[in-house]
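# What the coordinates show
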Amino acid sequence: MKRDQWLSATGPVLCVVGARPNFMKMAPILRAFAARTPPLPTLLVHTGQHYDADMNDRLFVDLRLPVPDLNLEVGSGSHAVQTAEVMRRFEPVLETHRPSCVLVVGDVNSTLACTLVAVKKYIPVAHVEAGLRSFDRSMPEEINRVLTDQIADLLYTTERAAHDNLAREGIDASRAHFVGNVMIDSLLASRTLAIPPQETMRRGGFEPSAFDVDAGFGVVTLHRPSNVDREETLGPLLAVLRDVSERLPLVFALHPRTRANIDRFGLGELVSGRRMAMLPPQGYLEMLGLMSAAALVLTDSGGMQEETTALGVPCLTLRENTERPITVLQGTNTLVGRDPGAITRAVDEVLSGRGKRGRVPELWDGRSAERIAAHLADWLVRRHAPAAA
Ligand code: UD1
């Protein structure tokens, strides 16, 4: 058997997605696998962690992701229930499809759950976006990152600091490979397709006479449990954003968790101002259009810290820490936490033209998925056909 033929003989690379931030990472990887000669065979499994049309279906279309081969339909639940349910439903998939390896991305509950099942069945796991650390173990994602990296076989990283983090946790350097940022592959591949903000606002029911994006605007997203799950934190955050909107109109794209908590805590009054536009979660191309044209972005998202750095748009991160330090050191990101004074001062800086300009980090060049495909194909051949390699 020829070297490359081993690849199709060893079973597919089982690619896992579960929640919204996984989709923009997986799309370029699947395209890069398909573009190889011969193509790397894949099986796309969706755990169903996110399931709403706004959180899921639109992004599949925007990112040109294929319909998943399997959907485990786990839905929402506590961390324990959700993680356990993914594990329970994922195990038989491995038995039926006998993949050559499982590829997971990011840090959501589905990432850890599928990794744990695969390694205990002696199936190698590749983790894309490995080694990022916020050093805040109260974040569920930090637990998912630390544990996934401990047990996965191949660790693909987006920035060099990730290698220091992995080394500190005793992980052998030979498992880690610096490939760049697949999320930026998606961004660069989609830039020309971005939907103009005027169009997004019209679709959201805001006519230019009521909310004129041409006069400049900021984009807000908030969904971290630490920011939105308690009235004592969500209330003051929304109050300072209302004050910011007096100077710069704000477009919110509201995660269902945040929407529900605003209603539950009776905070609707704080987001009802004429200069605050509340939209449901947006598609990928709408968000890209909004971010690209924004004067600044205020967010607690991980991905948007990176996307704004790639776009050169100032980003104020409403968290005390970031697992993506390169966006602060080299990019346009500033950590402002939840302190109203710090947020106001940072907004002032941006509006007076002193916002960070930044530069695009190493290997955030649109070719990261290609590098992963080349490395993984080679690794699989070596593993399964040592004599032919
Ligand atoms: C998850 C990820 C987080 C990521 C975020 C992006 C974990 C631990 N967290 O958080 O890292 O930044 O996705 O959105 O995996 N809901 C819906 N519709 C959906 C999905 C969720 O209404 O399609 C609501 C449900 O009320 C659910 C809640 O959102 O209980 C939270 O969903 P969940 O998947 O548990 O976590 P996210 O907050 O979305």
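Moving on, we come to the sheet that holds strand β10 (residues 276-279). Reading across the sheet, the six strands line up as β10-β9-β8-β11-β12-β13 and stay open at both edges, with parallel pairing between neighbours. Each having just a single partner strand, β10 and β13 (333-335) make up the two edges of the open sheet. Strand-to-strand twist of the sheet, defined as the mean angle between neighbouring strand axes without regard to direction, takes the value 20 degrees. The pairing of strand β9 (residues 250-253) with β10 spans four bridges and is classified as parallel. Considered in β10, the bridge of Val251 is made with Ala277. Sitting on the sheet, helix α11 (residues 231-247) is in contact with β8 (218-221), β9, β10 and β11 (296-299), with an inclination near 145 degrees to β9.

Attention now goes to the layout of surface pockets. Summary: where empty space remains is shown by rolling a probe the size of a single water molecule over the atoms. Roughly 1000 Å³ of volume is contained in the largest pocket. Around the largest pocket, the lining is made up of 48 residues, and of these Pro21, His50, Met55, His223 and His255 lie nearest the centre. Within the residue set of the lining of the largest pocket, elements represented by two or more residues are α2 (20-34), α3 (53-62), α4 (79-97), α6 (140-151), α12 (256-264), α13 (284-293) and α14 (303-311). When the residues that make up the lining of the largest pocket are grouped by side-chain class, the tally is 19 nonpolar, 17 polar and 12 charged. Considering only enclosed or pocket space, the second largest pocket measures out at about 190 Å³ in volume. Secondary-structure elements contributing two or more residues to the lining of the second largest pocket are α6 and α10 (225-228). Here the lining of the second largest pocket takes three residues from α10, the largest share from any one element. Its residues assigned to classes, the lining of the second largest pocket shows four nonpolar, four polar and six charged.

A separate point is the packing of α2 against helix α8 (residues 182-190). One way to put it is that α2 packs onto α8 with a least axis distance of 7 Å and a crossing angle of 80 degrees. What the angle tells us is that α2 and α8 run roughly perpendicular. Where α2 approaches α8, its residues Met24, Lys25, Ala27, Pro28, Ile29 and Arg31 are matched on the opposing element by Val182, Met183, Asp185, Ser186 and Ala189.

What follows concerns the pairing of strand β2 (residues 42-46). Of all five residues in β2, four are buried, a share of seventy percent or more. Viewed along the sheet, the connection from strand β1 (residues 13-17) through α2 into β2 turns out right-handed. Alignment of β2 against strand β3 (residues 70-71), held across two bridges, turns out to be parallel. Its bridge partner lying in β3, His46 is registered against Asn71. Since β2 and β3 lie parallel, the crossover through α3 that links them has a hand, and here it is right-handed.

Moving on: the confidence of the model for the protein chain. Per-residue pLDDT for the protein chain averages 96, and the proportion of residues at 70 or more is 97%. The weakest mean pLDDT in the protein chain belongs to helix α1 (residues 5-9) at 69; the strongest belongs to strand β6 (residues 154-157) at 99.

Another point: the pattern of salt bridges. Working definition: two side chains of opposite charge can pair if their charged atoms are close together. Going through the model one piece at a time under the given rule, you end up with 30 salt bridges. Measuring nitrogen to oxygen at the nearest pair gives 2.9 Å for the salt bridge that ties Arg133 to Asp149. Taken together, the residues span a long stretch of sequence, with Arg133 in the loop between β5 (125-130) and α6 and Asp149 in helix α6 at a distance of 16 residues. Just as Arg133 is buried, Asp149 falls in that class too. Salt bridges sharing common partners tie together Lys25, Asp107, Glu129, Glu142, Arg145, Glu306, Arg319, Glu323 and Arg324.

Conventions we followed
Residues numbered from 1 in each chain as written. Predicted model: local features only at pLDDT ≥ 70, side-chain atom pairs only at ≥ 80, totals over all residues. Heavy atoms only, no water. Pairing = 2+ DSSP bridges. Helix = DSSP H or I, 4+ residues; strand = E, 2+ residues; numbered from the N terminus. Axes fitted to C-alpha atoms, helices over the stretch in contact; angles between N-to-C directions. Contact = heavy atoms within 4.5 Å. 1 Å grid on protein atoms, 1.4 Å probe; cavity = no way out; pocket = protein on both sides within 12 Å on 5 of 7 lines; lining within 4 Å. Points joined across faces, edges and corners; volume = space filled by probe spheres on them. Nonpolar A, V, L, I, M, F, W, Y, C, P; charged D, E, K, R; others polar. Parallel < 35°, antiparallel > 145°, perpendicular 65-115°, else oblique. Buried < 20%, exposed > 50% of the residue type's maximum accessible area, 1.4 Å probe, protein only. Right-handed = clockwise from strand over helix to strand, strands pointing away. pLDDT = per-residue confidence, 0-100. Salt bridge = Lys/Arg side-chain N within 4 Å of Asp/Glu carboxyl O.

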